[in-house]
Every structure is written in structure tokens, then in C-alpha cells.
Amino acid sequence: MLINCFNIFSFFCRSTFQVIMRRGSFESSKRKYHISFNHTWNSYKSGFGDVEDEFWLGNENIHSLTTQGTNELQVDIEFFNGSCVTYHYDSFKMDNEKSNYRIKIGKPVNNGEALFLLQHNNLEFSTYDRYHGYNKQNCAKIHAGGWWFQNVRCYDVFLTGIYKEASDKERELHSIFWPSWQPLKAVQMKIKPKYLYN
């Protein structure tokens, strides 16, 4: 379970990180079904979900937090086999709505699969009702989630797609995804000011 993998399961976490999105299956969850991340532009703008469970903090909130000095980004991932991985980036910023919440992602501390997220660096945010991707198709509508979509194949990393269990034979289709040999059970993105340390 995620709380054992990453020793964090709260909005204001012990390590000074602030979670900005959480998706997946968690031991302490009380819900019977996963929430949809296929929301409108305004919903992503203000945020949705339950901060003690699956949620998106809100693009306005994330923008506000990441313009108050330099922030680090950490992405925590758990697989259905119980293994976990964490990726760190030395900076993260989300621009304002006028810039369509474009993101700036810094250098990964650990390379390898961490590099995949950089394929979304400097891209604008899109939802099914307001699309800013470079692909002529509406990737947000096709894949049922808001994200920073790119060209041709829409994404390298996609953390807001449809949640699918390990038993789902089509779990890789439109689902939450990070290039890996394993499906994702849980994922969270979190930030902290760069001058703060664990």
C-alpha cells in the first residue's frame, strides 16, 4: 500500500511536501469506486476530489504555490506487485491560466524512466472542453483526462487517465500510465519549496 511505500498519506505531509494530485488504490480509502479525472477546464482550475483520497488540487492553487520561489517535484508510484519507485525533479512550475497552465519541469535527480516526464515539459494543459495539445485529435477527450498533451501519441506519461485494476485485460488503454513493464496501482505528485529539506 502507498502509505508503506512512501510513508505519506495526508495533504500536509510530514516531509514538508504538499501533494497536488493523487490517483489509485489506497489501504485507508473508504470509497467503493475510483473518481473520474475526466473533468472540465473549470473543474481542473478549481480542483476536485477528496484530499485524503483521490484528488486534483486545482491548477490555480498549483500555480500559486509554484510561483512562490523554486519548488521541487516528486512523483511516487506503486505497482500492483507491491514495489514502489520515486522520481525527483529539481524544479517545477505551473504558469497562469493566460498561459494555459503551461508547466516547466526541471532536471531529474534520478535518470532512467524519470526522463519520460520531461517529454511534457513546457506544454500547455488541456481538458476535453478546452484543448491546447499539438495533436490534431483531442487527446483529452480520447483518453478521458486532463493533462499536458504532446504531439503524435498524445503522451509519454499520463497520470489522470481511467483507473483500471490489475486484472483488467485492457488496463493499458487510456489508463494511468508511466512507461514501465507493470501497471500502476497508485501515483501521487507532490511539491515543496527547494530550500526545505526532509
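Remember, it's a predicted structure, so these values are computed and weren't measured experimentally.

A word on the overall build of the protein chain. For the protein chain, the helix and strand inventory stands at four helices and seven strands. Here the protein chain holds 198 residues, and 49% of them are scored as buried. Taking all contacts inside the protein chain whose residues are at least 6 apart in sequence as the whole, residues at least 24 apart take part in 52%. With an accessible surface of roughly 9700 Å², the protein chain has 50% of that area assigned to carbon and sulfur atoms.

With antiparallel pairing, seven strands are arranged side by side in an open sheet as β2-β3-β1-β7-β4-β5-β6. The open sheet has two free edges, formed respectively by β2 (48-49) and β6 (103-105), since each of these has just one partner strand. For strand β1 (residues 18-24) and strand β3 (residues 55-56), the ladder comprises two bridges, and the chain directions are antiparallel. Within β3, the residue paired with R22 across the bridge is F55.

Bringing the environment of T127 into the picture now. With respect to the helices and strands, the residue T127 is situated in the loop between β6 and α4 (139-143). Separated by 11 residues in sequence, T127 and N138 place their C-alpha atoms 8.6 Å apart. Once you skip the residues sitting within four places of it in the chain, T127 turns out to touch H39, T40, W41, Y44, N138, A140 and G146. At a separation of 2.6 Å, a polar atom in the side chain of T127 contacts the side chain of D129.

Bringing the nonpolar core into the picture now. In summary, soluble globular proteins display a tendency toward joint burial of nonpolar side chains. One finds W56, V75, Y89, L117, W147, L159 and W178 to be the most contacted residues of the largest nonpolar core, which totals 43 residues. Breaking this core down by element, the ones donating at least two residues are β1, α2 (41-46), β3, β4 (71-79), β5 (84-94), β6, α4 and β7 (184-193). Excluding residues within four positions of it along the chain, V75 makes contact with V85, T86, Y87, Y89, L117, L159, W178, V187, Q188 and M189.

Within β1, seven of the seven residues are buried, which leaves the element mostly enclosed by the surrounding structure. Alignment of β1 against β7, held across six bridges, turns out to be antiparallel. Directly across from V19, in β7, lies its bridge partner K190.

What counts and what doesn't
Residues numbered from 1 in each chain as written. Predicted model: local features only at pLDDT ≥ 70, side-chain atom pairs only at ≥ 80, totals over all residues. Heavy atoms only, no water. Helix = DSSP H or I, 4+ residues; strand = E, 2+ residues; numbered from the N terminus. Buried < 20%, exposed > 50% of the residue type's maximum accessible area, 1.4 Å probe, protein only. Contact = heavy atoms within 4.5 Å. Areas by Shrake-Rupley, 256 points an atom, 1.4 Å probe, with all protein chains shown as cover. Pairing = 2+ DSSP bridges. Polar contact = N/O pair within 3.5 Å; in protein donor to acceptor, adjacent residues only side chain to side chain. Core = buried A, V, L, I, M, F, W, Y, C linked by side-chain atoms within 4.5 Å.

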